[in-house]
Each structure stands twice: as structure tokens, then as C-alpha cells.
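Remarks on the overall topology
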Amino acid sequence: MNKFPLLRGLSQKWQTSFSPQRRKFIKLSAAAITTTGAAGFGYGYAVSHSVALSHVDVTIRHLPPEFNGLTIGHLSDIHHGIYTSADYLRRCVTLLNAQQPDLVALTGDFTYGNRAYIEPCADVLSELRPRIGTYAVLGNHDYYQGAGHVARALRRVNINLLLDERERLELRGAKLSLLGVDDLYYGSTDVLKLLHDIPADEPKITLAHNPDFIEEFAVKNAHVDFMMSGHTHGGQIRIPLLGAPHIDSDYGQRYAIGMNQCREMRIYTTRGVGTIGLPVRFDCPPEIVLYRLQPA
Ligand SMILES: [Fe+2]
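First, a word on what this report is: a plain description of the structure on this page. As the structure is a prediction and not an experimental result, all values here were calculated from the model.

What helix α4 (residues 118-125) keeps buried is the set I118, C121, A122, V124 and L125. Looking straight down α4, one finds that the buried residues subtend no more than 160° of arc, so they occupy a single side. Residues of α4 that are buried sit in contact with α3 (86-98), α5 (140-145) and α6 (147-156).

Pasting the structure below:
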């Protein structure tokens, strides 16, 4: 005997209030929703492993002719782990090498979920072949897995880690400063110290995992010409015409994806190549960027 008369009543109502055709329709609808969800997940998973190459021209004031046409390949948010395999990362590296970049910039979040992925990730990144060098900064996930471990692994394969450091590139006497800042959440970067004594008219290009960092420069009235960032994954899941339901940023959608500006500073936020949370992307495929510097 059913101890719950209300449920018994509802059950009887279900059986008596819907015709057999109606019940069949509801069952078919439920099956369709389940199938669509699975198909959607499959589609989102496939998209998350279909990396796209974006070509972006970056105009820089006072760019010396020697650096006109310099190319920088940008790879970010690899998140090597259960969702992002070494084979997929190797495909990304091969695609980037095929562009023959002068520099490669890696803007953090190398692994996801387990520090056992750090060394294998560095091994694949050792296959990068830029003409001048590979430069990197750390992201918040690198701190979750142990910033020291990540730093040692990157340095082991001769990647130049710029943790609140800068490197001056010189070509036939012309100069360009490359700056790297520590993670916005876990580091303690002094932007004025970092920029100290760099001539105002010398181009300054910055690597910063979190695009919100551009506001740190603005609030100190400091200036960099161009910043390369990741972190947001472009939202990872975007809804056409509406954008991403969630962006991990204090500035909402302002620096969520692509090229944006803060005062006179330009910033590009790449969608990155990996995923976190669910291994899916919608309307937001993974991205490798190839920048080409041009004088303004
Ligand atoms: Fe990330």
C-alpha cells in the first residue's frame, strides 16, 4: 500500500490526465533532450580540441624599423592534464613552429589538477623553435600546482621565465623591452620598479597571465605599449549574441577576449588552448595567436 497519498494521487493523475499519444511525446522529448545533451557535449569536446590560428597586427608607437615585422607566437592556458593531452599540446607546438615566429610568449596556467603533468608539459614545450627565444610567466593554476615546480621545469628546458623581470632585446642597436609580471592573485609585482629607467620612447611589451593586470599599470600611471594575456579562456563557453555567461575578471567582459584597450595601452586576451571544469568549448575555440609588430 502506498504510504503517501499525495504521490499516489499524482501518479494516478499522470496516468489518467495524459493520453497515450501525449505520454509517448513526453518520453520521446525526454530521450531527445538526453541525446541532444550528449551530442552537444560531444560537439563541445570536439571544438575544445580544434585549435585555430589567429593573425593579429599590433601597432606600436616609436617602433624602431629593426623590429618592424617582428612576430610573436602566443600560447596560453595549456592546462595539460586529463582533458588536454600531450599529443594535443604537441599539435599546438607543431602549428606554432610552422609559423616560424621570432619569439614565443607563454602566459601561464601550464597544467590542471595534478603536478605530475608539469614535467611532461615542459618536455613538449622544449620542442618550440622560435628564432630568438621563448618567454613565460606563471598563472594562478601554476601556484595551485606549485610555482617552484613549474618554474624549475620551464627553466630546465631553457624557457626564459620572467617573474617580475624584463629582458631587453637588441637588434642592430635598436632596443625593445620585454616585461613579465607575476600572477595578479599570488604575486606582488611592483610595476614602477619593473619599468624603472626604461626610456619612455622604448617599446614595452608585457606578458601577464591575468588581463586585469593592465589596470595595475593604469592605476600607477605607468605605460606599456602592448600586453599579452590569457586566463579567461574567452569564457570557454559563449552564447552567440550574448557572450560568455561568466568571466573570471573584476572588469566583467572588458578584457574577456581579443584585442582591447586601457588608456593608451593595447591588450590581447587569447582564448588559450586548454580547458578547465568541463572539457568543452562553445563558440569559443582554442586559439594560438601570431602577432606581427608594426609602427603606428
Ligand atoms: Fe587558465
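Next, the rest of the story.
For H233, which is not glycine, the phi torsion reads 60° and is therefore positive. The residue H233 is located in the loop between β9 (226-229) and β10 (258-262) in this model. For H233, a count of 31 C-beta atoms within 10 Å gives the class buried.

Turning to the nonpolar core, a few remarks are in order. Counting residues in each nonpolar core, the largest one holds 61 residues, and the members touching the most others are L75, C92, A105 and C121. Counting residues per element, this core draws most heavily on α4, which supplies five residues. When sequence neighbours within four positions are dropped, the list of residues in contact with L75 reads C92, L96, V104, L106, V273 and I288.

Two numbers describe how α4 lies on α6: the axes approach to 9 Å, and their chain directions differ by 30°. With respect to each other, α4 and α6 are oriented roughly parallel. Two packed elements cross with a definite hand, and for α4 against α6 that hand is right-handed. Across the interface between the two elements, I118, E119 and A122 from α4 touch H149, V150, A153, L154 and R156 from α6. Taken together, the residues of the contact of α4 with α6 break down into five nonpolar, one polar and two charged.

Another point: α6. Those residues of α6 that fall on the buried side of the exposure criterion are V150, A153 and L154. Burial along α6 is one-sided: seen end-on, the buried residues are contained in an arc of 95°. The exposed set on the far side of α6, more than 90 degrees from its buried face, consists of G148 and R156. In this structure, the buried residues of α6 make contact with α4, β4 (133-137), α5 and β5 (160-161). Where α6 terminates, the next one or two residues include N158, which has phi positive at roughly 65°.

Here we take up the sheet that holds strand β2 (residues 71-75). Spatially, six strands are ordered β1-β12-β2-β3-β4-β5 in an open sheet, and the strand pairing comes out mixed. Taken across any chain shown, the strands that pair with only one partner, and hence form the sheet edges, are β1 (52-60) and β5. Note that β1 and strand β12 (residues 287-295) share nine bridges and pair parallel. Bridge assignment links D57 to a residue of β12, and that residue is R292.

Turning our attention to the packing of α3 against α4. Interhelical geometry of α3 versus α4 gives an angle of 25° and a closest axis separation of 9 Å. What the angle tells us is that α3 and α4 run roughly parallel. The handedness of the crossing between α3 and α4 comes out as right-handed. Residue-level contacts link A86, L89, R90 and V93 of α3 to P120, C121, V124 and L125 of α4. Of the residues contributing to the contact of α3 with α4, the split by class is seven nonpolar, no polar and one charged.

What follows concerns the pairing of strand β7 (residues 174-180). In this structure, strand β6 (residues 165-171) lies alongside β7, joined through seven bridges in antiparallel fashion. Bridge pairing in β7 links E167 to L178. Taken together, β6 and the strand that follows it, β7, pair antiparallel across an intervening segment of two residues, in which R172 is found at a positive phi of about 45°. Bridge analysis of β7 against strand β8 (residues 204-207) gives four bridges, and the strand direction is parallel. Bridged to L178 within β8 is I205.

Rules and cut-offs
- Residues numbered from 1 in each chain as written.
- Predicted model: local features only at pLDDT ≥ 70, side-chain atom pairs only at ≥ 80, totals over all residues.
- Buried ≥ 20, exposed ≤ 12 C-beta atoms within 10 Å, placed from the backbone.
- Helix = DSSP H or I, 4+ residues; strand = E, 2+ residues; numbered from the N terminus.
- Arc of directions from axis to C-beta.
- Contact = placed C-beta atoms within 7 Å.
- Core = buried A, V, L, I, M, F, W, Y, C linked by C-beta atoms within 7 Å.
- Axes fitted to C-alpha atoms, helices over the stretch in contact; angles between N-to-C directions.
- Parallel < 35°, antiparallel > 145°, perpendicular 65-115°, else oblique.
- Left-handed = near helix turned anticlockwise from the far one by under 90°.
- Nonpolar A, V, L, I, M, F, W, Y, C, P; charged D, E, K, R; others polar.
- Pairing = 2+ DSSP bridges.

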